[in-house]
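Secondary and tertiary structure notes
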Amino acid sequence: MSDLRPVEELSLDEAAEELRSLAERLGEANRDYHQKDAPRIADAEYDALKRRNAEIETRYPELRRADSPSEQVGAAPSEAFAKVRHVVPMLSLANAFEDAEVIDFDSRIRRFLGLSAEEPLAFTAEPKIDGLSLSLRYEKGVLVQAATRGDGETGENVTANARTIDDIPERIAGAPDVLEVRGEAYMSHADFAALNARQAETRGKTFANPRNAAAGSLRQLDPKITAGRPLHYFAYAWGALSEPLAATQTEAIARLGAMGFQVNPLMRRCEHVEDMLAQYRAIEAQRATLGYDIDGVVYKLDRLDLQARLGFRSTTPRWAIAHKFPAEVASTLLEGIDIQVGRTGALSPVARLTPVTVGGVVVSNATLHNEDYIKGLDSHGHEIRGGRDIRIGDWVRVYRAGDVIPKVEDVDLSRRPADSVPYEFPRTCPICGSDAIREEGEAVHRCAGGLICPAQAVEKLRHFVSRNAFDIEGLGAKQVEALFADDWIREPADIFTLRARYGPGQPLQLRNREGWGAKSAENVLNAIDERRRIAINRVIFGLGIRHVGETGAMLLARAYGSWDRFREAMEAARSHEGPEWEELNAIDGVGPVFAAALVDYFHEPAARAAVDRLVRELDIQDVEAPRTEGSPVAGKTVVFTGTLERMTRAEAKARAEALGAKVAGSVSAKTDIVVVGPGAGSKEKKARELGLNVLDEDQWLALIGS
Ligand code: IVH
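How each quantity is defined
- Residues numbered from 1 in each chain as written.
- Predicted model: local features only at pLDDT ≥ 70, side-chain atom pairs only at ≥ 80, totals over all residues.
- Heavy atoms only, no water.
- Pairing = 2+ DSSP bridges.
- Helix = DSSP H or I, 4+ residues; strand = E, 2+ residues; numbered from the N terminus.
- Right-handed = clockwise from strand over helix to strand, strands pointing away.
- Salt bridge = Lys/Arg side-chain N within 4 Å of Asp/Glu carboxyl O.
- Buried < 20%, exposed > 50% of the residue type's maximum accessible area, 1.4 Å probe, protein only.
- Phe/Tyr/Trp six-rings, centres within 6.5 Å; stacked < 30°, edge-to-face > 60°.
- Lys NZ or Arg CZ within 6 Å of the ring centre and 35° of its normal.
- Near = heavy atom within 4 Å.
- Polar contact = N/O pair within 3.5 Å; in protein donor to acceptor, adjacent residues only side chain to side chain.
- Areas by Shrake-Rupley, 256 points an atom, 1.4 Å probe, with all protein chains shown as cover.
- Nonpolar A, V, L, I, M, F, W, Y, C, P; charged D, E, K, R; others polar.
- Contact = heavy atoms within 4.5 Å.
- Axes fitted to C-alpha atoms, helices over the stretch in contact; angles between N-to-C directions.

**Notes on the pairing of strand E24 (residues 693-696)**
Pairing of strand E23 (residues 673-676) with E24, which is carried by 4 bridges, proceeds in the parallel orientation. The partner of Val676 across the bridge, within E24, is Asp696. With helix H24 (residues 682-689) bridging E23 and the parallel E24, this β-α-β connection has right-handed handedness.

This is the structure in structure tokens:
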């Protein structure tokens, strides 16, 4: 523990990463001690880790984790917190903040379904409960499993804890043989206040808000503790089903109510978008007196057959949206501005604030985005905040929108000190001293140091080992930093050659480093070897290419299927023209900026060489085919052209994609099927010249079996 940096020096990202790794290490220590009866660390070290965790949480309360070790006592029953794979993924919702976005949601759906503005189209409107989602599986009417959302694909088994919640029936009548009920576990304001009072009396930990209290209580390792903390549950959706529940959302929820679940009494069926907005106002007006936290209103298309036609984007349904309430705001003093350097070299200004409570959470940092934002300009050079700039020493209004890092909304000029001066954005990188360059048309300054900038290299490595990238157990940000500092790891490929260079039998060995031992070194080397076999989307995401996030990486993985195809296409597209460039740009969700960042990355010799060194160490798995067994068009590339008469273009595309096909915008020799409607022109001509399979709409529908 001796090499720990003072908590004040940690960046927001570093603090979050350290909390993650502490949660992991303390969790492991708890399991060793309680479950395996085989502690591997001394009591004093355990206490020191817990203290460190508490220190970071005190300094950054907004980073406190739902699985915070400070809330966990005792042992996990072996079943608890086992992973549960959701048969039907647990999705999140797209957000709307303005009425106009809700009106747009309604029009988008009408467009998709080919309905005019006059045709009837009903939605439900109901409160968005601010708790944590929980999926309950019933088989033949008996509760068999409760699982948290987790990452949407895999959650945690909290069955024993869920059984202690009164609103969750143990048995239900009149249900399909298999029924997964989805809803929100939450704590009422009264129960939250009483819990905190009790905790304060017994010197236990108190919670920042009811949501955290609910999460902490549900994710208790000891169900007896959960039982002593009253939680409630509203059912609002479902997952796997052996037979349909009803024809509409309204009826389905009524059925869940009849089975014995609590369903929200404020849910209404709305005939028009105006009714939806009226229900939003009605719910907002009751917000303060409901007795539990809500953070918006959820609208869902009422007819379930239409929901099915609309389907899903990668993580959100097209048929539902959350209309959020405006974020809470608080005033505080801006004490200083720090500059952090990210993995792409971007300099990010961060406001250091006098800690203030916003929406139940203490906030001490806020993002300031870039130079223009501080000056009072948006990305197009237009004034924001009435052109008011932000200065050190100003009183600022900060707000939190959802879980994201807090933002500065405005400054209070009436409280600005007379001697304050405009903030000068640094012209050099605070880490390596290289020039910080702001390119024409760009808002951010980037460190020109590239690979010589330790901040960039370390951030890239930290990103590489992070949870959604390579996720190597035991090799977190802290370990990577230490190994980088000593030159043991300079780039991702080095991680995979660690065993050969510093494993057993070598002059210098990982096991002899401070903070390591024979067991932990071997575990990490094994964990690294386990990650040699890895999914292509994780590799693409792990490279940390600008603009290429997790969703983008997944789009690419799906579109190209294999690493070799992807790599060749990037090579072939490097001139920003030709069929491969067009193919890349035709991927739904890929825009010109993304495409350019991607191919330019592979065009850069140093980056390319580093990627090749990495890939030699790996066994990259092709993307898992979507669940499209028996689909006649899985993996095929389809182009729609001309007017479709039986459904809109958007619906045709969504259905083809749901069946595992790729939908492209232009015809090439790589196209498999071209579906033509009346008015098709040059694309049809080209398809015929190329001898492709050309179908009319009816033939296409017959092919996909509808
Ligand atoms: S429906 C497929 N309804 O909000 C759609 N979600 O931001 C499934 N939530 O993960 C969600 N109240 O935890 C739905 N009335 C409500 C909700 C609700 C709260 C949560 C849920 C979801 C999150 C998405």
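**Some remarks on the pattern of salt bridges**
Pairing between side chains of opposite charge can happen when their charged atoms approach one another. Scanning all chains against the criterion turns up 53 salt bridges. Residues Arg427 and Glu371 are paired through a salt bridge, measuring 3.0 Å at the closest nitrogen-oxygen approach. In this pair, Arg427 sits in the loop between strand E16 (407-411) and strand E17 (436-438) while Glu371 sits in helix H11 (residues 371-375), placing the two residues 56 residues apart along the sequence. For Glu371, a relative accessible area of 8% corresponds to the buried category. Its salt-bridge partner being Glu371, residue Arg438 comes within 3.0 Å of it at the nearest N-O pair. Within this pair, whereas Arg438 is found in strand E17, its partner Glu371 is found in helix H11, the two being separated by 67 residues in sequence. You can call Arg438 partly exposed: its relative accessible area is 30%. Each of Glu371, Asp372, Lys375, Arg427 and Arg438 takes part in salt bridges that share partners, so that together they form one network.

**Side note on the packing of aromatic side chains**
In total, this model carries 16 aromatic pairs according to the counting rule given. Judged by centre distance (3.7 Å) and plane angle (0 degrees), the rings of Trp488 and Tyr502 are stacked. Of the two residues, Trp488 is situated in the loop between helix H13 (477-485) and helix H14 (492-496) and Tyr502 in helix H15 (residues 498-502); the sequence distance between them amounts to 14 residues. For Tyr502, a relative accessible area of 14% translates into the label buried. Among the aromatic residues, those joined into a ring-pair cluster are Tyr560, Trp563, Phe566, Tyr601 and Phe602. Between Arg59 and the ring centre of Tyr60, over which it is positioned, the NZ or CZ distance is 5.6 Å. Over the ring of Trp488 we find Arg513; its NZ or CZ atom is 4.6 Å from the centre of that ring.

**Examining helix H23 (residues 649-658)**
At 3.6 residues per turn, the α-helix brings residues three or four places apart onto the same side. Those residues of H23 that fall on the buried side of the exposure criterion are Glu651, Ala652, Ala654 and Ala656. Immediately beyond the C-terminal end of H23, within one or two residues, lies Gly660, with a positive phi of roughly 90 degrees.

**Digging into the site of the ligand**
In the region of the ligand, 15 residues are neighbours, and Glu126, Ile129, Ser133, Glu184 and Tyr236 sit closest. At a separation of 3.1 Å, a nitrogen atom of the ligand approaches a polar side-chain atom of Glu126. Here an oxygen atom of the ligand and a side-chain polar atom of Tyr236 are 3.2 Å apart. Relative to its unbound accessible surface of 530 Å², the ligand loses 87% to contact with the protein. For the shell around the ligand, the secondary-structure elements that each account for two or more residues are strand E3 (123-129) and strand E10 (294-301). When residues in the shell around the ligand are grouped by element, the largest group, 4 residues, is from E3. Here the shell around the ligand is built from residues that sort into 8 nonpolar, 2 polar and 5 charged.

**Considerations on the environment of Pro632**
Here Pro632 lies in the loop between strand E20 (619-621) and strand E21 (637-641). Taking C-alpha positions, Pro632 is 7.2 Å from Leu703, a pair spaced 71 residues apart along the chain. When near neighbours in sequence (up to four residues on either side) are disregarded, Pro632 contacts Leu703 and Ile704.

**Quick look at the sheet that holds strand E2 (residues 95-96)**
Pairing is mixed in the open sheet, where 5 strands are placed in the order E2-E11-E10-E3-E9. Each end of this open sheet is capped by a strand with a single partner; those strands are E2 and strand E9 (268-270). Where E10 meets strand E11 (residues 320-324), 5 bridges bridge the pair, whose relative direction is antiparallel. Note on E11: the bridge partner recorded for Val298 is Ala322.

**Describing the sheet that holds E21**
Here 4 strands make up an open sheet; going across it, the order is E22-E21-E23-E24 and the pairing parallel. In this open sheet, the two strands that pair with only one neighbour each are strand E22 (662-664) and E24. Going across the sheet, the axis of each strand differs from the next one's by a mean of 30 degrees, ignoring polarity.

Shape descriptors only; they carry no functional weight alone.
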